[in-house]
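Listed below, chain by chain, are the residues.
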Amino acid sequence: MSVAAVSFRDAAVGDAERVAGLHAESWRRHYRGAYTDSYLDGDVFADRLAVWSARLADPAPHGVTVLAEVAGEFAGFVHVVLDDDVRWGSLVDNLHVVRAHHRHGIGAALMRRAAGAVLERGATGAMYLWVLEQNTAARAFYSALGGRFAERSYTRPPGDVPGRLNGRPAMLRCVWPDAAALLPPG
């Protein structure tokens, strides 16, 4: 499949369940050990559905959520919070791709969509995200896209419920000082 076969659109309120389902499934696969098994195997979908239902029902003017679809089927999404941080710029808060569509260029295409939104609507062209230190596949993906790791911190528990974490999992800030670096030349 080529990236040309992928279509993109802004997310709508009716997409909340699909987005939350992918978000939960991705956390179950990649956050095991950082988040408690009881949370990942229990409340994670309900928690993500509440977040995405609210977020998509009443979109913030500084939020951008873009879906990727292949042959009309949901394949992934990216969510950006424009101008989230004075120093680092806009936050790529979520990027998830359906597992069957991994390694087909959809994640990179979604990152390009995020970069385009940042350049078009953000106050600066800077962009960043946080990635769990243990998520080596995501770290390699972001590095391949030109992101550089600027600092290490500790993750906040989902929903600010401390019992959802195992210890103090570390996360890394990955930065693109100029989001234009993610766009093709020309």
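Scroll up for the structure.
Since the model is a prediction, treat every value here as computed from it, not as a measurement.

## Quick look at the side chain of histidine 79
Residue placement: histidine 79 occurs in strand S3 (residues 73–85). Histidine 79 sits in the buried class, given a relative accessible area of 5%. Here valine 64 takes part through its backbone oxygen, which lies 3.4 Å from a polar atom of the side chain of histidine 79. Not counting residues up to four positions away in its chain, the partners in contact with histidine 79 are Trp52, Arg55, Gly63, Val64, Thr65, Leu91, Val92, Asp93 and Asn94.

## Some thoughts on the sheet that holds strand S5 (residues 127–132)
Sheets are built from strands that pair by backbone hydrogen bonding, the pairs being arranged parallel or antiparallel. An order of S1-S2-S3-S4-S5-S7-S6 is seen for the seven strands of this open sheet, with the pairing classed as mixed. Here the strands that pair on one side only, and so sit at the sheet edges, are strand S1 (6–10) and strand S6 (148–154). Strand-to-strand twist in this sheet, taken as the mean axis angle between neighbours without regard to direction, amounts to 30°. Where S3 meets strand S4 (residues 89–97), seven bridges bridge the pair, whose relative direction is antiparallel. Bridged to valine 80 within S4 is valine 92. Across the face of the sheet, helix H3 (residues 106–121) comes into contact with S1, strand S2 (63–70), S3, S4, S5 and strand S7 (170–176) while running at roughly 35° to S3.

## Concerning the pattern of salt bridges
Enumeration according to the criterion identifies twelve salt bridges in this entry. Measuring nitrogen to oxygen at the nearest pair gives 3.0 Å for the salt bridge that ties aspartate 37 to arginine 32. Residue arginine 32 is classed as partly exposed on the basis of its relative accessible area, which comes to 33%. The residue aspartate 160 makes a salt bridge to arginine 156 at a minimum N-O spacing of 3.1 Å. Looking at aspartate 160, the relative accessible area reads 49%, which means it is partly exposed.

## Concerning the packing of aromatic side chains
Going through the model one piece at a time under the given rule, you end up with eight aromatic pairs. Ring geometry for tryptophan 27 versus tyrosine 39: centroids 6.4 Å apart, planes at 50°, classification tilted. Taken together, the residues span a long stretch of sequence, with tryptophan 27 in helix H1 (residues 16–30) and tyrosine 39 in helix H2 (residues 37–57) at a distance of twelve residues. Judged by its relative accessible area of 7%, tryptophan 27 falls in the buried class. Residue tyrosine 39 is classed as buried on the basis of its relative accessible area of 3%. Here the aromatic residues Trp27, Tyr31, Tyr35 and Tyr39 are joined through ring pairs into a cluster of three or more. Over the ring of tryptophan 52 we find arginine 55; its NZ or CZ atom is 4.4 Å from the centre of that ring. Directly above the aromatic system of tyrosine 128 lies the positively charged group of arginine 173, at a separation of 4.8 Å from the ring centroid.

Rules used in this analysis
Residues numbered from 1 in each chain as written. Predicted model: local features only at pLDDT ≥ 70, side-chain atom pairs only at ≥ 80, totals over all residues. Heavy atoms only, no water. Helix = DSSP H or I, 4+ residues; strand = E, 2+ residues; numbered from the N terminus. Buried < 20%, exposed > 50% of the residue type's maximum accessible area, 1.4 Å probe, protein only. Polar contact = N/O pair within 3.5 Å; in protein donor to acceptor, adjacent residues only side chain to side chain. Contact = heavy atoms within 4.5 Å. Pairing = 2+ DSSP bridges. Axes fitted to C-alpha atoms, helices over the stretch in contact; angles between N-to-C directions. Salt bridge = Lys/Arg side-chain N within 4 Å of Asp/Glu carboxyl O. Phe/Tyr/Trp six-rings, centres within 6.5 Å; stacked < 30°, edge-to-face > 60°. Lys NZ or Arg CZ within 6 Å of the ring centre and 35° of its normal.

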